[in-house]
Protein chains: 2
Amino acid sequence: MNNYQPPLRDIRFLLRDVFNVATLWADFPSSGGALEEETAMAILDEAGKLAGEVLAPLNRSGDEQGAQWDNGSVTTPVGFRDAFAAYGRGGWLGFTGNPAFGGLGMPKMLSVHLEETLHGSNPSFALYTVLSSGATLSIDTHASETLKQRYLPNMYAGVWAGSMCLTEPHCGTDLGLIRTRAELQVDGSYRVTGTKIFITGGEHDLTENIIHLVLAKLPDAPPGPKGISLFLVPKILVNSDGTLGQRNNLSCGSIEHKMGIKASATCVMNFDGATGWLVGEANKGLAAMFTMMNYERLTVGIQGVGCAHGSYLNAVAYAQSRLQGRGPEGAVALDKPADPIIHHPDVRRMLLTMKALTEGGRALSTYVGGQLDIARYASDPQQRASAQARVALLTPVAKAFLTDTGMESCILGQQVFGGHGYIREWGQEQWVRDVRIAQIYEGTNGVQALDLLGRKVLLDEGQALHELLKEILDYGVQPQAAYRQQLMYAVEMLEETSRWVRDRAASSPREVGAASMEYLHLFGYVFYAYLWSRMAAAADVRLGDDPEFYSAKLATADFYFKRVLPRIEGLVACIRGGGDCLYSLEVEQL
Amino acid sequence: MNNYQPPLRDIRFLLRDVFNVATLWADFPSSGGALEEETAMAILDEAGKLAGEVLAPLNRSGDEQGAQWDNGSVTTPVGFRDAFAAYGRGGWLGFTGNPAFGGLGMPKMLSVHLEETLHGSNPSFALYTVLSSGATLSIDTHASETLKQRYLPNMYAGVWAGSMCLTEPHCGTDLGLIRTRAELQVDGSYRVTGTKIFITGGEHDLTENIIHLVLAKLPDAPPGPKGISLFLVPKILVNSDGTLGQRNNLSCGSIEHKMGIKASATCVMNFDGATGWLVGEANKGLAAMFTMMNYERLTVGIQGVGCAHGSYLNAVAYAQSRLQGRGPEGAVALDKPADPIIHHPDVRRMLLTMKALTEGGRALSTYVGGQLDIARYASDPQQRASAQARVALLTPVAKAFLTDTGMESCILGQQVFGGHGYIREWGQEQWVRDVRIAQIYEGTNGVQALDLLGRKVLLDEGQALHELLKEILDYGVQPQAAYRQQLMYAVEMLEETSRWVRDRAASSPREVGAASMEYLHLFGYVFYAYLWSRMAAAADVRLGDDPEFYSAKLATADFYFKRVLPRIEGLVACIRGGGDCLYSLEVEQL
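Source: prediction; values computed, not measured.

Turning our eyes to something else, we now look at the overall build of chain A. In terms of regular secondary structure, chain A is built from 18 helices and 11 strands. The globule rule puts the C-alpha radius of gyration for 590 residues at 25 Å, and the 24 Å found for chain A is close to it. Taking all 590 residues of chain A together, the buried fraction comes to 66%. Across chain A, every contact between residues at least 6 apart in sequence was considered, and the portion connecting residues at least 24 apart equals 74%. Total accessible area on chain A stands at roughly 19500 Å², and carbon and sulfur atoms take up 51% of it.

The two copies are related by a screw motion: chain A maps onto chain B through a turn of 180 degrees and a shift of 0.0 Å along the axis, at an RMSD of 0.0 Å. With respect to symmetry, the two chain copies, as superposed, fit the operation of a two-fold axis. Relative to the rotation axis, the C-alpha of A:Gly570 is the closest in chain A, positioned 2.0 Å from it.

A word on the environment of B:Gly306. Following the sequence through the fold, B:Gly306 ends up in helix α9 (residues 285-321). According to the relative accessible area criterion, B:Gly306 is buried, its value standing at 0%.

Turning next to the pairing of strand β9 (residues 244-247) of chain A. On a regular strand, each side chain points to the face opposite its neighbour's, so the side chains alternate between the two faces of the sheet. Across 2 bridges, strand β8 (residues 236-238) of chain A lies against β9(A) in antiparallel orientation. Residue pairing for β9(A): A:Val238 is matched across the bridge by A:Leu244.

Residue-level contacts link 96 residues of chain A with 96 residues of chain B. Buried surface at the junction of chain A and chain B, summed over both partners, amounts to about 8000 Å²; 59% is from carbon and sulfur atoms. For the pair chain A and chain B, the interface holds 4 salt bridges. A salt bridge links B:Arg510 to A:Glu329; the shortest N-O distance between them is 3.5 Å. At the junction of chain A with chain B, the criterion picks out 54 residue pairs in polar contact (both at pLDDT 80 or more). No other element matches helix α17 (residues 547-564) of chain A, which puts 11 residues into the side of chain A that touches chain B. Looking at side-chain class alone, the side of chain A that touches chain B contains 42 nonpolar, 29 polar and 25 charged residues.

Residues and elements named next belong to chain B. Although it is not a glycine, Asn20 adopts a positive phi angle of roughly 50 degrees. Examined against the element boundaries, Asn20 turns out to sit in the loop between α1 (8-18) and α2 (21-25). By relative accessible area, which is 41% here, Asn20 ends up partly exposed. Backbone geometry at Glu461 places phi at a positive 60 degrees, although glycine is not the residue there. With respect to the helices and strands, Glu461 occurs in the loop between α13 (445-457) and α14 (463-476).

Under the defined criterion, the tally for this structure stands at 68 salt bridges over all chains. Of the charged contacts in the structure, one is a salt bridge between B:Arg433 and B:Glu429, with a shortest N-O distance of 2.7 Å. In this pair, B:Arg433 and B:Glu429 are both assigned in helix α12 (residues 428-436), 4 residues apart and thus about one turn of the helix distant. You'll find B:Arg433 and B:Glu429 in the same group, each marked buried. One continuous salt-bridge network, built from bridges that share partners, spans A:Asp10, A:Glu116, A:Lys355, A:Glu359, A:Arg362 and A:Lys553.

On to the nonpolar core. A:Leu351 and B:Leu351 are the most contacted members of the largest nonpolar core, which has 416 residues in total. Leaving out residues up to four positions away in the same chain, B:Leu351 has contacts with A:Leu590, B:Tyr312, B:Ala315, B:Val316, B:Ala319, B:Ile342 and B:Val416.

Further remarks concern helix α18 (residues 567-575) of chain A. When we look at burial in α18(A), the residues that qualify are A:Ile568, A:Gly570, A:Leu571, A:Val572, A:Cys574 and A:Ile575. Packing partners of the buried residues in α18(A) comprise α15 (484-507) and α16 (510-542) of chain A together with α17 (547-564) and α18 (567-575) of chain B.

All names here are of chain A. With 14 residues, helix α14 (residues 463-476) extends 20 Å from end C-alpha to end C-alpha; this agrees with the ideal 20 Å at 1.5 Å per step. Among the residues of α14, Ala464, Leu465, Leu468, Leu469, Ile472, Tyr475 and Gly476 are the ones counted as buried. The buried residues of α14 occupy an angular sector of 130 degrees when projected down its axis, which confines them to one face. The elements touched by buried residues of α14 are α10 (345-377), α11 (381-416), α13 (445-457), α15 and α16.

Moving on: the packing of α16(A) against α18(A). Helix-helix packing is described using two parameters, namely the angle between the two axes and the distance between the axes. Residue and element names in this part refer to chain A. At their nearest, the axes of α16 and α18 sit 9 Å apart, and the two run at 155 degrees to each other. The pairing of α16 with α18 is recorded here as roughly antiparallel in orientation. With respect to the hand of their crossing, α16 and α18 are arranged in left-handed fashion. Of the residues in α18, those touching α16 at Ala515, Glu518, Tyr519, His521, Leu522 and Tyr525 are Arg567, Ile568, Leu571, Val572, Cys574 and Ile575. In terms of residue class, the contact of α16 with α18 is built from 9 nonpolar, 1 polar and 2 charged.

Let us now look at the pairing of strand β7 (residues 229-234) of chain B. All names here are of chain B. The element β7 is largely enclosed, with a buried count of 6 among its 6 residues. Here β7 shows two buried faces, one formed by Ser229, Phe231 and Val233 and the other by Leu230, Leu232 and Pro234. Where strand β6 (residues 209-216) meets β7, 6 bridges bridge the pair, whose relative direction is antiparallel. Among the inter-strand pairings, Leu213 is bridged to a residue of β7, identified as Leu232. In this sheet, strand β11 (residues 266-279) lies alongside β7 in antiparallel orientation, the contact comprising 3 bridges. In the strand pairing of β11, Leu232 is matched with Trp277.

On the secondary structure map, B:Glu296 appears in helix α9. For the pair B:Glu296 and B:Asp434, spaced 138 residues apart in the sequence, the C-alpha separation amounts to 17 Å.

To continue, consider the confidence of the model for chain A. When pLDDT is averaged along chain A, the result is 95, and 99% of the positions lie at 70 or above. Reported for the predicted complex are a pTM of 0.97 and an ipTM of 0.97.

All names here are of chain B. At their nearest, the axes of helix α6 (residues 108-121) and helix α7 (residues 123-142) sit 6 Å apart, and the two run at 145 degrees to each other. Along its contact with α6, which presents Glu115, Leu118, His119 and Ser121, the element α7 presents Pro123, Ala126, Leu127, Thr129 and Val130. Here the residues of the contact of α6 with α7 are counted per class, giving 5 nonpolar, 3 polar and 1 charged.

Residue and element names in this part refer to chain B. Position of Ser132 relative to the elements: it lies in helix α7. We classify Ser132 as buried; its relative accessible area is 1%. Excluding residues within four positions of it along the chain, Ser132 makes contact with Leu93, Met155, Trp160, Ala161 and Gly162.

Here the focus is the environment of B:Tyr583. In this structure, B:Tyr583 sits in the segment after α18. Along the backbone, B:Tyr583 and B:Ala573 are 10 residues apart, and their C-alpha atoms lie at a distance of 19 Å. Of note is the side chain of B:Tyr583, whose polar atom sits 2.7 Å from the backbone oxygen of A:His343.

Time to look at the state of the cysteines. Each disulfide consists of a covalent bond between the sulfur atoms of two cysteine residues. Tallying each qualifying case throughout the model produces 0 disulfides over all chains. Looking at the unpaired A:Cys165, the closest cysteine sulfur is the one in A:Cys267, lying at 9.0 Å. Lacking any disulfide linkage, B:Cys267 is separated from the closest cysteine sulfur, that of B:Cys252, by 3.9 Å. Taking the relative accessible area as the measure of exposure, B:Cys267 reaches 0% and is therefore buried.

Rules and cut-offs
Residues numbered from 1 in each chain as written. Chains lettered and ligands numbered in written order. Predicted model: local features only at pLDDT ≥ 70, side-chain atom pairs only at ≥ 80, totals over all residues. Heavy atoms only, no water. Helix = DSSP H or I, 4+ residues; strand = E, 2+ residues; numbered from the N terminus. Rg over C-alpha atoms; globule rule 2.2 N^0.38 Å. Buried < 20%, exposed > 50% of the residue type's maximum accessible area, 1.4 Å probe, protein only. Contact = heavy atoms within 4.5 Å. Areas by Shrake-Rupley, 256 points an atom, 1.4 Å probe, with all protein chains shown as cover. Least-squares fit on C-alpha atoms with pLDDT ≥ 70 in both. Pairing = 2+ DSSP bridges. Buried area = accessible area lost by both parts, 1.4 Å probe. Salt bridge = Lys/Arg side-chain N within 4 Å of Asp/Glu carboxyl O. Polar contact = N/O pair within 3.5 Å; in protein donor to acceptor, adjacent residues only side chain to side chain. Nonpolar A, V, L, I, M, F, W, Y, C, P; charged D, E, K, R; others polar. Core = buried A, V, L, I, M, F, W, Y, C linked by side-chain atoms within 4.5 Å. Expected span 1.5 Å × (residues − 1). Arc of directions from axis to C-beta. Axes fitted to C-alpha atoms, helices over the stretch in contact; angles between N-to-C directions. Parallel < 35°, antiparallel > 145°, perpendicular 65-115°, else oblique. Left-handed = near helix turned anticlockwise from the far one by under 90°. pLDDT = per-residue confidence, 0-100. Disulfide = S-S within 2.5 Å.

Below, the structure written as structure tokens:
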């Protein structure tokens, strides 16, 4: 089932009506001057065509064929190589890249929609592109001018791809434990040795070269996370004239057999004295990696939104055509033996939940993308710093909440199909399998929740949270704000709960981790309330321009406030159950 | 990863300490007189050995190999045939069967634990057995003496298997739409013609014959669900002397490629004028089918509990051995580079949520199994009728709540594993894929919710609900009841919400379906509160006998009341959002 349609109408609504990008982008550098809304939409339209015509048709076949490993080589499914080449030719890999090296310098606020389009049409394919873009971002931000000149142009062009090599068999979250080591050579390069696992796109046949960014320890490094450095290690060494030289001493030992994203090669990478170059300062590799982490985590969150949207499109089409039973208030389709199931209230509830969560998620990703742009491009340093703090606060929410709600949506989208949702040919179960990884990788959602509550909310005495809530309250007191009362109540719940956890955590550190997951969800629903309030207000103003679209937006906002936001009552009540009950059992009693 | 251990200690606790089966079973028929607790435990111990030694080792390989279709024949994975034979030889297929035909006549209250053991070790294998047992139940209850004598002994012995053929391509939930037809022949048999889909075990190589129970319409049948009859249609015709005769005119057209339960053959069955015999009365096939539906739906619910338990065993083992980071209050394992993740509060929260939901689910399945036994075996007709009403009320809860919480548990069990949870070799993702179907088949959980609220709660003016709540309140006022205040509050929430929905539904029928899913979850959590209160009270009495076990039970109850039950606040708040907001959008606006 391939119903893929990029959500262009919704994106235009967000960019123009809700976030007013014309004003925002006027100051930003972009290809050929300030980006205009119409240009942006034309660009996304092109991306949508590529996604709908090239990527979506490869999604099911990619899942069936999977990536295949043979003696160190990885073959991607039929069509992926051509699709990647087309994607590279289109300049999409350098979409937000540095124009000095061939990137397009586009704002992240636009890129989030490109990314959603990729994840909504073919999540496995999307991964090859976003990992590559992530690697270029790290190189552009931290590497020497020589490295940038040598690697970025071909990576932006899609001639070469990139990978990020962090995890090792015994350590994922706790990177301080890594064992891969790097030794300085006389020529200034390093010999990198060690084994990395779970490396997305560590090996494949899409490009002639793959540029790995590898975390490793220098011989004299301090122990733990402060002794980690970042190295650029190409699969094939690049001569000083830019041509390809010898094969480097690294290989792909195997690929994983996974629940989903099967067309994405997840590699075990062996570095056997491979030649690499330091990126950024020695022992500051984690910091260099974390520069791009906020971008990557947002991208993973967007995978949640994209998959949810892909699942939603199928679910709506199925619910409109599947005949079963009669509506709750009598027959609707009198000429048919039964009514389309879209008339059943519980099916509506499922579809509207998907719609409200997905459109809320799209708004969140747009908001965070905008803050990333301000943090990078704004001329006022104060504004940059403030946006940076906002990004730091919202990144774990974006990563975890967008993927948890994305998973919920994909499960609902499968449920709408009844038995057919479980059958591979229909494609709905693949969305569940594919989106599931997004709750796990790039820092599990539990780790995100701890980052949000333990670090971003509590460590700075709630300053970042306070500023965000001020933004919401300043908005909420305006007469045009929609659902003011519900929004104010939700903010109050978040404030009170934050205070409650802070007070408890002062005497018992375990309270932070005990509350963190439900706290992150509470935070997410409250922030969605802010976004849905803004969306409803914007739709109300424009209602006459396009009644079908804007009235749907208003109705979805209404559903959100009435049927989704009240979930926070349960979350807060569970948090208040406290953390002591987690430790009444001994380890052996579990 | 195969850590399978049957939960014998917990079962003994439920049977003896919580439900006092000695008294209950004293009146029941069973093999060789009233069943005693020690005998029951010895029986389950045997089942557990079979599950641990034979079935669990075939779970992963079964998933990898899957059932294979070739030209009408289905090959099950290596080892399944021998396992099924061993299972049949053990008498397990006739466990609750009629002793007059070779069944063991065991109570359902014991059988639920056998079933959990099967689903907890190998859900695909379990399906072949439970469908076969379901078919024997229908035959025993509705078929003629001749049919019973001819089919039951071999089915109980596992020499033949059974299947249930309901769904057709265009109808699942709405069986009134079926097109399969049956025509009477001069010899009193029928010719059955039509196509059935999603037929579990419709074809396989486990047994020499397969006995299909098929829903079909007679030529003069009234339209809709009141015109459906049930037929027994064997794969191979059985001669009057019991030997196998000619192959019947039916065939397996293909099998489905599914998300999970891959070793279970899900068949398209073509009946081309196949010879069959009427089971029960003409046009009363749905009623005949629904006799066993309460049993089957409970069994599907138990699949949720079994899978959750299987996932939990792995998750605990992993969390005890995986080292990552340090506990919230400083290092615990000082001799190691990091602490086992079981010391992290969020990992504890996940494990305890699994534990509380799984043990609550086991208690619910035991309770409903007991009610099924009373409804069938009690000497007092009043008691039988009352139990029957209780079963009718609780069946949709058991089916949907046990599988929704089973899915939640399996996802948590996967999340505990981090990245390894996504890799097939570890086995954790299989639990998610395998349990997912249980929310869909045997009536989707949305249909269960509508059945609960629309039919079981509202249609009889809340009488069945009233009686159940009376049982809880009668218990709750006793001084030994644990968590009395929380339990009473929860019951009040359920009562109030039931009233609220009833009032709204009086003027707007859509309110039922709009509230039903969250209502079912509310109901489930409140009923678990009753069961956890009883379990805590029972554990408290016995604490000195086995402090390690009973203190764990008390701690898990505490966790349930503090961190799980409060979810009802969110459910009630969402229900009160009402149903009108589901219908503000036109179908085309979704």
